[in-house]
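What follows is each chain in one-letter form.
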Amino acid sequence: MPRGVLILSTANSLADFRDQRMNVRTFIKVDKATFHRFLEQNPEGQYDYVQGRIMQQMTGGTKRHMRIAAHIADLCKARLDPLEWLVLEGRGIETAVTIRHGDIVVEKQAEASDDSLWTARPYLIFEVLSRWSEDRDLDLRPREYTTLDTLQAYVIADQHER
């Protein structure tokens, strides 16, 4: 049997599977309150809430992607008053229907809780475009993010354009 594949049958006991490596995907609809509780128990992973489902996200990206995101964050930090503005990489963004993570999120210091995992009040959102996230970054995210009252700009940086 290939690694990561597990076939369950009624003839097998759970003891047979203790040492097996599994790659399991579940698609169970949950509400936002359940998602919030899930994140409280799993604060180290990066998870999005989309269409009632918990979606684990890849953190980071290519070296180029991470370098561009870090550069954008550095530029924002150098130009914005740190007493007024908070610039974070990989911050969760809550809309009415989703919670997604932006590459760079700028929000007001006074509105940001130290214990929060996301914000519903971003002022700037930057995404570094990747080939595997184009549809999401160019179509879905703008529709979701432009519903936020505080958002002044959603900026997409294409890492392959010069």
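Let us look at the structure shown here. (Residues numbered from 1 in each chain as written. Predicted model: local features only at pLDDT ≥ 70, side-chain atom pairs only at ≥ 80, totals over all residues. Heavy atoms only, no water.)

Before going further, it helps to examine helix 3 (residues 134–145). Compared with an ideal rise of 1.5 Å per residue, which puts 12 residues at 16 Å, helix 3 spans 16 Å between its outermost C-alpha atoms and is within 8% of the ideal. For helix 3, the complete set of buried residues consists of Asp137, Arg141, Pro142, Glu144 and Tyr145. Angularly, the buried residues of helix 3 cover 160° about the axis, an arc narrow enough to put them on a single face. On its buried side, helix 3 packs onto strand 1 (47–50), strand 4 (92–94), strand 5 (99–101), strand 8 (124–129) and strand 9 (153–158). (Helix = DSSP H or I, 4+ residues; strand = E, 2+ residues; numbered from the N terminus. Expected span 1.5 Å × (residues − 1). Buried < 20%, exposed > 50% of the residue type's maximum accessible area, 1.4 Å probe, protein only. Arc of directions from axis to C-beta. Contact = heavy atoms within 4.5 Å.)

What follows covers the pattern of salt bridges. Once their charged atoms are close, side chains differing in charge can pair, the charge on each being opposite to the other. Enumeration over the complete set of coordinates arrives at 7 salt bridges. When the shortest N-O distance is used, the salt bridge between Glu111 and Arg121 registers 3.1 Å. On the criterion of sequence distance, the pair formed by Glu111 in the loop between strand 6 (104–108) and strand 7 (118–119) and Arg121 in the loop between strand 7 and strand 8 is long-range, its members being 10 residues apart. A relative accessible area of 35% means that Glu111 is categorised as partly exposed. The closest approach of N and O atoms between Glu127 and Arg141, which form a salt bridge, is 3.0 Å. Of this pair, Glu127 sits in strand 8 while Arg141 sits in helix 3, placing them 14 residues apart in sequence. (Salt bridge = Lys/Arg side-chain N within 4 Å of Asp/Glu carboxyl O.)

Attention now moves to the pairing of strand 2 (residues 53–56). Summarising the sheet, strand 1 and strand 2 pair through 4 bridges and their orientation is antiparallel. Pairing of Tyr49 across the sheet is with Ile54, part of strand 2. (Pairing = 2+ DSSP bridges.)

What follows deals with the side chain of Thr95. With respect to the secondary-structure elements, Thr95 resides in the loop between strand 4 and strand 5. A polar contact is formed between the side chain of Thr95 and the side chain of Thr98, at a distance of 2.8 Å. Beyond its immediate stretch of four places on either side in the chain, Thr95 contacts Lys32, Glu144, Tyr145, Thr147 and Leu148. (Polar contact = N/O pair within 3.5 Å; in protein donor to acceptor, adjacent residues only side chain to side chain.)

For any pair of aromatic rings, the description consists of the separation of the ring centres together with the inter-plane angle of the planes. On inspection of all chains with the given rule, the structure shows 5 aromatic pairs. Arranged with centres 5.4 Å apart and planes meeting at 75°, the rings of Tyr145 and Tyr154 form a pair that is edge-to-face. Its relative accessible area of 0% is what places Tyr145 among the buried residues. In this structure Tyr154 comes out as buried when scored by relative accessible area, which is 17%. Pairwise contacts between aromatic rings join Phe35, Tyr49 and Trp118 into one cluster. (Phe/Tyr/Trp six-rings, centres within 6.5 Å; stacked < 30°, edge-to-face > 60°.)

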